[in-house]
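# Structure assessment
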Amino acid sequence: MKLLTHNMLSCHIKGVKNGYPFLIEVIKVSEHEADFDPDFLKHIFPRINWLAFLQGAEAMGCREGLPEAPTETYLEDEQFQKAFHHALLEVTLEEGSLVCPETGRRFPVAKGIPNMLLNEDEC
Amino acid sequence: MASLVAGPSFGHPAAHRRTCQLLAVDHSLAAVEATRNTLQAHQVTEVDVIAASLLGPLVDKLRGSVDIMVFNPPYVPTPDEEVERGGIASAWAGGYRGRRIIDRVLQLLPELLSPRGELFMVTVAENEPQGIIEEMLGFGFLGRIAAARQADEEALQILHLWRQPAGLDTGAPAPGQ
């Protein structure tokens, strides 16, 4: 699970109102190279919840170089682009959990795949 | 399996290199593991895989973000109780007219897709895809059958839906054509 995906996940247990963002518990993280495309970064930037992204990056050990509150003008700066690209797309949670901030329910992540399936009483 | 694609839209000139990121979603743990293994075997890293039912944990935050959705639903007409029964049957069981799961996803479409977002969905003749196109007109979508093929007893049709552009000109080509 990349931080791009984490940014799009919220807890959908019935009745939960504040299920975003998931807290990340890390057991194992991996890194890989992803094709660097500033156009993609510009496209995706408006859709990213930056606070959630920073929290996730902190947990996954790739917070360095990410500003607190970037604006669209930051997208022209190559240093920002590289830091954003790396944290968003090149760091993967292989093993760990996503923890609902409201209920504490753990959704396991194994082999890079979050298991978001709900139990019968949670639907 | 549903795949969601985020990437710069089709409207741009082809000269630019385009990357996109994909999410592959299925409710079967076996399916998602097999998908991930296949991706790794081919060294594909642009796809994240999630086990979830009907995009549940994604709907809230993906509102208006999905540029392309590719969906292979359980489309086979079956008794309705087979839809919720679980197990391997959930890979095909679509209930009455094979439409139970299809209809739930179609309901999400207006919220999920980006302004230029598109859906490609596998259907069979029993799902009445032309009827779906007509129904979705009322929700501001245009549609067509993008491809058709006979596979044994299944008459497969790939349904393609996209938002009506504002100030519709009915002579305009569909995105991606």
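Everything numeric here is computed off the predicted structure, so don't read it as measured data.

## Focus on the overall build of chain B
The helix and strand tally for chain B stands at 5 helices and 7 strands. Across chain B, helices and strands are ordered from the amino to the carboxyl terminus as β-β-α-β-α-β-α-α-β-α-β-β. Within chain B, the fraction of its 177 residues that count as buried is 42%. Sequence-distant contacts, at least 24 apart, represent 60% of the contacts inside chain B between residues at least 6 apart. Roughly 9000 Å² of accessible area belongs to chain B as shown, and the carbon and sulfur atoms make up 55% of that amount.

## Points about the packing of aromatic side chains
How two aromatic rings sit relative to each other is set out by the distance from centre to centre and by the angle between their planes. All names here are of chain A. According to the stated counting rule, one finds 10 aromatic pairs over all chains in the structure shown. A ring pair is formed by Trp-50 and Phe-80, whose centres lie 5.8 Å apart and whose planes are at 35°; its orientation type is tilted. With Trp-50 in helix α3 (residues 50-60) and Phe-80 in helix α4 (residues 78-89), the pair connects residues that are 30 residues apart, well separated along the chain. In this structure, Trp-50 and Phe-80 share a single accessibility class: buried. By the ring-pair criterion, three or more aromatic residues cluster together here, those being Phe-45, Trp-50, Phe-53, Tyr-74, Phe-80 and Phe-84.

## Describing the nonpolar core
Grouped together as the largest cluster of nonpolar side chains are 71 residues, with contacts concentrated most on Phe-84 of chain A together with Leu-58 and Met-69 of chain B. Top element by residues in this core is helix α4 (residues 100-112) of chain B. It accounts for 7 residues. If we skip the residues at most four places from it in the chain, Met-69 of chain B touches Ala-2, Ser-3, Leu-4, Leu-55, Val-105, Leu-109, Leu-112, Leu-113, Glu-118, Leu-119 and Phe-120 of chain B. One finds Leu-39, Val-47, Val-49 and Ala-51 of chain B within the second-largest nonpolar core, a separate group that totals 7 residues.

## A short note on the interface of chain B and chain A
Listed by partner, the interface residues are 35 residues for chain B and 30 residues for chain A. Carbon and sulfur atoms supply 55% of the area that chain B and chain A bury against each other, a total of about 2600 Å² over both sides. Here chain B and chain A share 3 salt bridges between them. A salt bridge links Glu-33 of chain B to Lys-111 of chain A; its shortest N-O distance comes to 3.0 Å. Our enumeration of links across chain B and chain A arrives at 12 residue pairs in polar contact (both at pLDDT 80 or more).

## Overview of the side chain of Arg-105 of chain A
Among the secondary structure elements, Arg-105 of chain A is positioned in the loop between β2 (91-99) and β3 (106-110). For Arg-105 of chain A, the residues in contact, after removing those within four places along its chain, are Ile-13, Leu-98, Val-99, Cys-100, Leu-117, Leu-118, Asn-119 and Glu-122 of chain A.

## Considering the sheet that holds β3 of chain A
Residue and element names in this part refer to chain A. Spatial ordering of the open sheet is given by β1-β2-β3-β4, a layout of 4 strands whose pairing is antiparallel. Only two strands of the sheet have a single neighbouring strand rather than two, namely β1 (23-31) and β4 (113-114). As paired elements, β1 and β2 share 8 bridges and run antiparallel to each other. Bridging across to β2, Leu-23 finds its partner in Val-99. Its contacts with the sheet put α3 on β1 and β2, and the angle it makes with β1 is roughly 60°.

About the thresholds
Residues numbered from 1 in each chain as written. Chains lettered and ligands numbered in written order. Predicted model: local features only at pLDDT ≥ 70, side-chain atom pairs only at ≥ 80, totals over all residues. Heavy atoms only, no water. Helix = DSSP H or I, 4+ residues; strand = E, 2+ residues; numbered from the N terminus. Buried < 20%, exposed > 50% of the residue type's maximum accessible area, 1.4 Å probe, protein only. Contact = heavy atoms within 4.5 Å. Areas by Shrake-Rupley, 256 points an atom, 1.4 Å probe, with all protein chains shown as cover. Phe/Tyr/Trp six-rings, centres within 6.5 Å; stacked < 30°, edge-to-face > 60°. Core = buried A, V, L, I, M, F, W, Y, C linked by side-chain atoms within 4.5 Å. Buried area = accessible area lost by both parts, 1.4 Å probe. Salt bridge = Lys/Arg side-chain N within 4 Å of Asp/Glu carboxyl O. Polar contact = N/O pair within 3.5 Å; in protein donor to acceptor, adjacent residues only side chain to side chain. Pairing = 2+ DSSP bridges. Axes fitted to C-alpha atoms, helices over the stretch in contact; angles between N-to-C directions.

Any functional reading would require information beyond the geometric quantities listed.
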